[in-house]
Amino acid sequence: MSAARAVGRLRAADDRGQSVIEFTGMVPIILVTLAVLWQSALVGYTFVLAGNAADKAVRAGTVAEENRVAACERAGQEDVPGSWTTRISCAPQGDLLTAEARLDVPLLFPGGFDLPITVRGEAAAALERE
C-alpha cells in the first residue's frame, strides 16, 4: 500500500501549476474575443448614429424657414459625438429634402484610427409649404 501512496503523491505533485498554464494559454483567446465583441458593438452604434443624424437633419431642414440645406447639415452634426468622422449632405429634390449622413467606423476606440468602413444613413421628408 505504501507504493500506491507514493504514486498518488507523485501524480498530485505533477499536476500542480497545470491550471495556471491552461489559463495563460486562454488569455489571448479571451482578449481577442472581447475585442471582436467590442468592435461589433461600435459598428452597430455607428449605424444607429448615422440613421439618427440623417433623420434629425432632414426634420430640421424641412421646417427651416430660410436656408434649408444649412439648417439640415447643422442639425445632422449636433448629436453625433465629436470623435466620429462625420459628413452630412442635404439636397432638395423636387418636393422632398434628402439627407445623407456618412460616418466612419472607429477602430476599438472612438477618436483614434478609423476602419476603412463608412456607414451611411439616409432620410427624406416632404418640404413644408408656406
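Our subject is the structure that appears above.
Residues numbered from 1 in each chain as written. Predicted model: local features only at pLDDT ≥ 70, side-chain atom pairs only at ≥ 80, totals over all residues. Heavy atoms only, no water.

Asker: Which residues make up the overall build of the chain, and what values go with them?
Answerer: Within the chain one finds 3 helices and 3 strands. Reading the helices (α) and strands (β) of the chain from amino to carboxyl end gives α-α-α-β-β-β. Buried residues in the chain amount to 26% of all 130 residues. Counting contacts in the chain only where the partners sit at least 6 residues apart, residues at least 24 apart contribute 53% of the total. Looking at the chain as shown, the accessible area adds up to about 8900 Å², and 60% of this sits on carbon and sulfur atoms. (Helix = DSSP H or I, 4+ residues; strand = E, 2+ residues; numbered from the N terminus. Buried < 20%, exposed > 50% of the residue type's maximum accessible area, 1.4 Å probe, protein only. Contact = heavy atoms within 4.5 Å. Areas by Shrake-Rupley, 256 points an atom, 1.4 Å probe, with all protein chains shown as cover.)

Asker: I'd love a proper account of the pairing of strand E1 (residues 86-93), names of residues and values included.
Answerer: When E1 meets strand E2 (residues 96-106), the two strands line up antiparallel, connected through 8 bridges. Across the sheet, Pro92 pairs through a bridge with Leu97, a residue of E2. In this structure, the hairpin formed by E1 and E2 is closed by a connection of 2 residues, where Gly94 is found at a positive phi of approximately 70°. (Pairing = 2+ DSSP bridges.)

Note that all results are geometric; they support no functional claim without further evidence.
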